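The lines below spell out each chain.
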Amino acid sequence: MRPEKQLSMLDLSMIVVSLVIGMGIFRTPVNVAAGAQIPELFFLAWIVGGLIALCGALTYAEIGSRFPVTGGYYKIFSAFYHPSIAFAINCIIVVSNAASVAGVSIIGAEYLSKIILPVEMQTEFSRIAIAAISIGLFYFINLLGLKVSSKTQNVLSLIKIGMVLILIGAVFMGPAAVSSPSTFNTSGATTPTLFDYGKALGICLIGISFTFGGYQQTINFGGETKSPGKIIPRSIFTGLAIIFILYMAINYVYVRVIGFEQLKTAESIAAILAGKIFGPIGFTVLSCLIYLSVLGYVNVNLLSNPRAMFAMGEEKALPAIFTKKSKKSDVMFVSLTVFTIISIITLFYAQTFDKILNYTIFLDCIGMATSAATIFFLRKRTAHLDKNTIYSMRLYPLMPLIFIAAYLFVAISIYADDPQAAINGLLIFACFIIIYFINRFYQRNRT
């Protein structure tokens, strides 16, 4: 049964915004500032990150246009590499996204609990309960169908954009912070070389690539988008343009209001901006806004990830039950339910979210590079398509090559900075490939 075409350009653009703008922009600037050491490199790193994301957006826009299927991010691996690679990478993505949902939900619950509960009730259990209720609420909203959940996402995305715009307004509240001059220090206390700057840029791009990541999952909605050949690329462009402008603006505000040297070690940087605008009630206002932002992140992951699991069921990488849909609302209720359960179970282990993330960022880089490389195969396979019905990027193959090279550079930077995380990530990847072949062997023996 072909999925109903329900998503408009606005719907998909707001999905892009919510997939990308999570909690990252409210914490990674601290890590980027520490890695950059000087403000010039700090802003350069964000510009470079934005240009890399643009190259990726162009690449995935064409992939989504030429390969408009539900669960496209799984199926491109399956179609152009091997189903075991598709299974391993997408399992890691689904598990890490469930961990992200759990971890981000707890962050939101921590903010909300401080304004709705008395001090004696602000326990770990209460935070987990609020987070679980939040995930459960959007599970039921998603059960109502794609139209309801996508319209809900539009509202939450607009609230999220509004929150960033409000925080940017802190730049107009009073004089700029006084910060001591910044210097770029090397390990040997020598004059920095281009290699030193390049190494620092690589460290910065680890956090920036995480903060810009997520838009590639938009191709999971290809089978449910109206006129995907036109809507998918336009939505990715629109969403990413909004994100880039907001990111550059709020990073400028962080530096101006907090001070660059202070930013390197600051905590709760969004709360600092909110306090500048709203005074003593700034934390209360910010807590409500961050909680709503968290809800948008939860909802968009409940929208996207079950589609990857559905595609894996279609390819028989997961049991066929994952392809079950509700006859009334066309909801992938089995995949949605399983992803929700994984997210809620992970709530009890959310304190390990940073460790899980360290292991999977390395594989995310490999996944992004290899998925983007499918454009070279896809161009040949779809050369017969009408050029008026699909999107073809300009400056091909330069754009995808820049994107692939950039993510390989980030992967190398991660290995250089934390080799154990990279090795553990590869071990997890190998385990999922073994699971795939065990599952296939079991299925063959049953038939």
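What you see is a predicted model; the values in this text were computed from it and never measured.

Asker: Help me understand the packing of aromatic side chains, please; the structure alone is not making it clear to me.
Answerer: The description of an aromatic ring pair rests on the distance of the ring centres and on the angle between the ring planes. Taken as a whole, this structure holds 19 aromatic pairs when the rule is applied. An angle of 90° between the planes, with centres 6.3 Å apart, marks the rings of Tyr81 and Phe377 as edge-to-face. Residue Tyr81 is found in the loop between helix H4 (72–80) and helix H5 (83–116), and its partner Phe377 is found in helix H14 (residues 353–381); the two are separated by 296 residues along the sequence. Take Phe377: its relative accessible area is 41%, and that puts it in the partly exposed class. Among the aromatic residues, ring-to-ring pairing joins Phe42, Phe43, Trp46, Phe212, Tyr247 and Phe260 into one connected group. It is Arg379 that lies over the ring of Tyr396; its NZ or CZ is 3.8 Å from the centre.

Asker: Teacher, can you tell me more about helix H3 (residues 39–66) here?
Answerer: Three or four residues apart is the spacing at which side chains of an α-helix point the same way, because the helix has 3.6 residues per turn. With 28 residues, H3 should cover 40 Å at 1.5 Å per step; its first-to-last C-alpha distance of 41 Å lies within 8% of that length. Counting buried positions over the 28 residues of H3 gives 20, a clear majority of the element.

Asker: Before we go on, may I ask you to explain the side chain of Asn154 in this structure?
Answerer: For Asn154, the location among the structural elements is in helix H7 (residues 146–168). Looking at Asn154, the relative accessible area reads 7%, which means it is buried. Not counting residues within four places of it along the chain, the set of residues in contact with Asn154 comprises Leu10, Asp11 and Met14.

Asker: Help me understand empty space enclosed by the protein, please; the structure alone is not making it clear to me.
Answerer: Think of a ball as big as a water molecule: rolled over the atoms, this probe shows where empty space is left. Under the definition given, this model contains 4 cavities of 30 Å³ or more. Looking at the lining of the second largest cavity, the elements with two or more residues in it are H7 and helix H12 (282–314). In terms of residue count, H12 provides more of the lining of the second largest cavity than any other element does, 4 residues in total.

Asker: Help me understand a nonpolar patch on the surface, please; the structure alone is not making it clear to me.
Answerer: Nonpolar side chains collect at one region of the surface, where Ile47, Leu51 and Leu54 lie side by side and expose about 240 Å² of accessible area between them. Its place among the elements puts Leu54 in helix H3. The class of Leu54 is partly exposed, set by a relative accessible area of 37%.

Asker: Would you mind going over the packing of H3 against helix H8 (residues 194–212) with me for this structure?
Answerer: A packed helix pair is summarised by two numbers, namely the angle formed by the two axes and the spacing between the axes. Relative orientation of the contacting elements H3 and H8 amounts to 55°, with a least axis distance of 9 Å. As summarised for this structure, H3 and H8 are arranged oblique, according to the angle between their axes. Where H3 crosses over H8, the handedness of that crossing is right-handed. Facing Leu41, Ala45, Trp46, Val48, Gly49, Gly50, Ile52 and Ala53 of H3, the residues of H8 in contact are Tyr197, Ala200, Leu201, Cys204, Leu205, Ile208, Thr211 and Phe212. Residues that form the contact of H3 with H8 fall into these classes: 13 nonpolar, 3 polar and no charged.

Asker: Where do I start with the state of the cysteines in this structure?
Answerer: Here, the word disulfide means a covalent bond between the sulfur atoms of two cysteines. Scanning the entire structure with this criterion turns up 0 disulfides. Free cysteine Cys431: the closest other cysteine sulfur is in Cys91, separated by 12 Å.

Asker: For this particular structure, what's the right way to read unusual backbone geometry?
Answerer: Excluding glycine, residues mostly carry a negative phi; peptide bonds, for their part, are mostly trans. The omega torsion across Tyr396 and Pro397 is 5°, close enough to zero to call that bond cis. Along the chain, the position of Pro397 falls in the loop between H14 and helix H15 (398–417). Positive phi, normally seen in glycine, also occurs at Leu395, with a value near 60°. Counting through the fold element by element, Leu395 comes out in the loop between H14 and H15. With a relative accessible area of 53%, Leu395 lands in the exposed category.

Asker: What exactly am I supposed to notice about the packing of helix H2 (residues 28–36) against H8 here?
Answerer: H8 packs onto H2 with a crossing angle of 170° between their chain directions and a minimal axis gap of 8 Å. Accordingly, the angle class assigned to the pair H2 and H8 is roughly antiparallel. On the side of H2, the interface is formed by Thr28, Val32, Gly35 and Ala36, while H8 contributes Ala200, Cys204, Gly207, Ile208, Phe210 and Thr211. Looking at side-chain class alone, the contact of H2 with H8 contains 6 nonpolar, 4 polar and no charged residues.

Asker: Honestly, the environment of Gly425 in this entry has me stumped. Any pointers?
Answerer: Tracing the sequence through the fold places Gly425 in helix H16 (residues 419–446). Overall, Gly425 belongs to the buried group, its relative accessible area being 0%. Residues Gly425 and Ile92, spaced 333 residues apart in sequence, show a C-alpha to C-alpha distance of 9.2 Å.

Asker: How should I be thinking about the confidence of the model for the protein chain in this particular structure?
Answerer: In low-pLDDT regions, the fine details of the predicted coordinates are not to be read closely. Taken as a whole, the protein chain shows an average pLDDT of 82; of its residues, 95% reach a score of 70 or greater. Element-level pLDDT for the protein chain is lowest in H14, with a mean of 77, against a maximum mean of 90 in H3.

Asker: Quick question: what am I supposed to make of the pattern of salt bridges here?
Answerer: Pairing is possible between side chains that carry opposite charge, provided their charged atoms lie close to one another. A complete count under the given rule lists 6 salt bridges for this structure. Across the salt bridge formed by Arg379 and Glu62, the nearest N and O atoms sit 2.6 Å from each other. Of this pair, Arg379 sits in helix H14 while Glu62 sits in helix H3, placing them 317 residues apart in sequence. In this structure, Lys264 and Glu261 form a salt bridge, with 2.9 Å as the shortest nitrogen-oxygen distance. On the accessibility criterion, Lys264 (18% relative accessible area) is buried. Three or more residues joined by partner-sharing salt bridges are found here, namely Glu62, Arg66 and Arg379.

Conventions and cut-offs
Residues numbered from 1 in each chain as written. Predicted model: local features only at pLDDT ≥ 70, side-chain atom pairs only at ≥ 80, totals over all residues. Heavy atoms only, no water. Phe/Tyr/Trp six-rings, centres within 6.5 Å; stacked < 30°, edge-to-face > 60°. Helix = DSSP H or I, 4+ residues; strand = E, 2+ residues; numbered from the N terminus. Buried < 20%, exposed > 50% of the residue type's maximum accessible area, 1.4 Å probe, protein only. Lys NZ or Arg CZ within 6 Å of the ring centre and 35° of its normal. Expected span 1.5 Å × (residues − 1). Contact = heavy atoms within 4.5 Å. 1 Å grid on protein atoms, 1.4 Å probe; cavity = no way out; pocket = protein on both sides within 12 Å on 5 of 7 lines; lining within 4 Å. Points joined across faces, edges and corners; volume = space filled by probe spheres on them. Patch = residues over 30% accessible without salt bridge, like charges linked within 9 Å, V, L, I, M, F, W, Y side chains within 5 Å. Areas by Shrake-Rupley, 256 points an atom, 1.4 Å probe, with all protein chains shown as cover. Salt bridge = Lys/Arg side-chain N within 4 Å of Asp/Glu carboxyl O. Axes fitted to C-alpha atoms, helices over the stretch in contact; angles between N-to-C directions. Parallel < 35°, antiparallel > 145°, perpendicular 65-115°, else oblique. Left-handed = near helix turned anticlockwise from the far one by under 90°. Nonpolar A, V, L, I, M, F, W, Y, C, P; charged D, E, K, R; others polar. Disulfide = S-S within 2.5 Å. pLDDT = per-residue confidence, 0-100.

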